[in-house]
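Inside the fold
Spelled out from the first residue to the last, the chains are:
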Amino acid sequence: MELREAVRAGLAGEVRTGFEKLEARIAHVEREDIGKEPAERWLSLSPEERAATGVIAPTRALRDEINDTIRAQLIAEGAVSGPARRGEKLVSRGLTNAEMARASNYSAGDTVIFNRRYKVQDPGGGKGVYRSEEMELRKGDRVRWTRNDPGSELANGETAAVESVAKDGVRFRLEDRSAAKLAEHDPQLRHLNRAFASTVHAFQGRTVDQIVAAMPTGNRT
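Here is a short report on the structure shown in this document. Residue numbers here run from 1 along each chain, matching the order of that chain's written sequence. Predicted model: local features are reported for residues with pLDDT of at least 70 only, side-chain atom pairs are reported and counted for 80 or more only, and whole-chain, interface and lining totals are derived from all residues. The side-chain quantities take in all heavy atoms of the structure and omit both hydrogens and water.

Turning next to the sheet that holds strand 11 (residues 210-213). One requirement defines pairing of two strands: DSSP has to find at least two bridges between them. Counting from the N terminus, the helices are DSSP H or I runs at least four residues long and the strands are E runs at least two residues long. Ordered in space as 10-1-11, the 3 strands form an open sheet in which the pairing is parallel. Sheet topology places strand 10 (198-199) and strand 11 at the edges, where each strand pairs with a single neighbour. Here helix 5 (residues 60-77) sits on the sheet and contacts strand 1 (53-57) and strand 10; the angle it forms with strand 1, its principal contact strand, is near 135 degrees. Any pair of residues with heavy atoms lying within 4.5 Å of one another is described as a contacting pair. Lines fitted to C-alpha atoms define the axes here, with helix axes fitted over just the stretch in contact, and angles between the N-to-C directions of these axes take values from 0 to 180 degrees.

Set out below in structure tokens:
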């Protein structure tokens, strides 16, 4: 509760309030190390402690930086290993309905996905606009789905660990310990992100023993 209130205060620009709530638990680092420091703190833990420790960041950009740092070290350790599936993920461009109605807001290479029956009189409604980014998966990767999938019942926000990568698809172990498999060309493989670190919003609902949080002052998106 204390940490959650501190992070929310930081996001609201009330940096002093956020820091006062944490007091001695704060480590001050240079801005260029704000992504490296929380990653290294998590990596310094034992495997058992890592499993019980969350890593959170206030922005997607900082979350991605922490994820990249953690994953690179896990590959070096051999905790993320084996054959790699090289594909792509779809990242929402966050366009509003009004913005999606204007052709000038689309870029070459954008992917448009219709989420419900398309209405001619509402050209912005019922769809999402995404950009593509490279996404590699190996055994040991931790991922979070970013879109509901009625076919497999995988839900937006659900996390899992990659158990194996093969030519015919990817096997996952979900947080409830159940297994799931997505075939190689399943579109749901494009709707996921790394989940070693999470944004504050995405982390809500999870239960862990402790948290490592990045809280930059003068927060930038």
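Moving on, there is more to tell.
A few words on helix 5. A helix is expected to span 1.5 Å multiplied by its residue count minus one. For helix 5, built from 18 residues, the straight-helix expectation of 26 Å at 1.5 Å per residue is met to within 8% by its first-to-last C-alpha distance of 25 Å. Listed in full, the buried residues belonging to helix 5 are Leu62, Arg63, Ile66, Asn67, Ile70, Arg71 and Leu74. Buried residues of helix 5 fall within an arc of 160 degrees about the axis and therefore sit on the same side. Set apart from the buried face of helix 5 by more than 90 degrees, the exposed residues are Ala61, Asp68 and Ala76. Just past helix 5, the residue Gly78 takes up positive phi, approximately 90 degrees. Exposed residues in this analysis have more than 50% of their type's maximum accessible area, buried residues have under 20%, and partly exposed residues fall in between, with area computed by a 1.4 Å probe over protein chains only. Arc definition: it is the arc formed by the directions from the helix axis to the C-beta atoms.

Bringing the pairing of strand 7 (residues 169-174) into the picture now. Bridge count for strand 6 (residues 159-166) against strand 7 is 6 bridges, and the pairing is antiparallel. If you follow Ala160 over to strand 7, its bridge partner there is Leu174. Taken together, strand 6 and the strand that follows it, strand 7, pair antiparallel across an intervening segment of 2 residues. Pairing of strand 7 with strand 8 (residues 179-183) involves 5 bridges; the strand directions are antiparallel. Along strand 8, the bridge assignment pairs Gly169 with Ala183. Hairpin connection between strand 7 and strand 8: a loop of 4 residues separates the two successive antiparallel strands, and Arg177 in this loop has a positive phi of roughly 75 degrees.

Residues that lie three or four places apart on an α-helix share one face, since the helix turns once every 3.6 residues. Along helix 3 (residues 36-43), the positions that sit buried rather than exposed are Pro38, Ala39, Trp42 and Leu43. The arc that holds every buried residue of helix 3, seen down its axis, measures 135 degrees, which confines them to one face. Contacts made by the buried residues of helix 3 are with helix 4 (47-51), strand 1, helix 5 and strand 11.

Note on ring pairs: Phe, Tyr and Trp rings are taken, using the six-membered ring of Trp, and paired if centres are within 6.5 Å. Classes follow the plane angle, with under 30 degrees stacked, over 60 edge-to-face and the rest tilted. Taken as a whole and assessed by the stated rule, the structure comprises 2 aromatic pairs. Between Trp42 and Phe196, the ring centres sit 6.5 Å apart and the planes meet at 50 degrees, which makes this aromatic pair tilted. Residue Trp42 is located in helix 3, and its partner Phe196 is located in the loop between strand 9 (192-194) and strand 10; the two are separated by 154 residues in the primary sequence. Ring centres 5.0 Å apart and planes at 70 degrees place the aromatic pair Trp145 and Phe172 in the edge-to-face group. With Trp145 in strand 5 (residues 142-145) and Phe172 in strand 7, the pair connects residues that are 27 residues apart, well separated along the chain. For the pair Trp145 and Phe172, one class covers both residues: buried. Only Lys NZ and Arg CZ are tested; either one counts as a charge over a ring when it is within 6 Å of the ring centre and within 35 degrees of the ring normal. In this structure, Arg50 is placed above the aromatic ring of Trp42, and the distance from its NZ or CZ to the ring centre is 5.2 Å.

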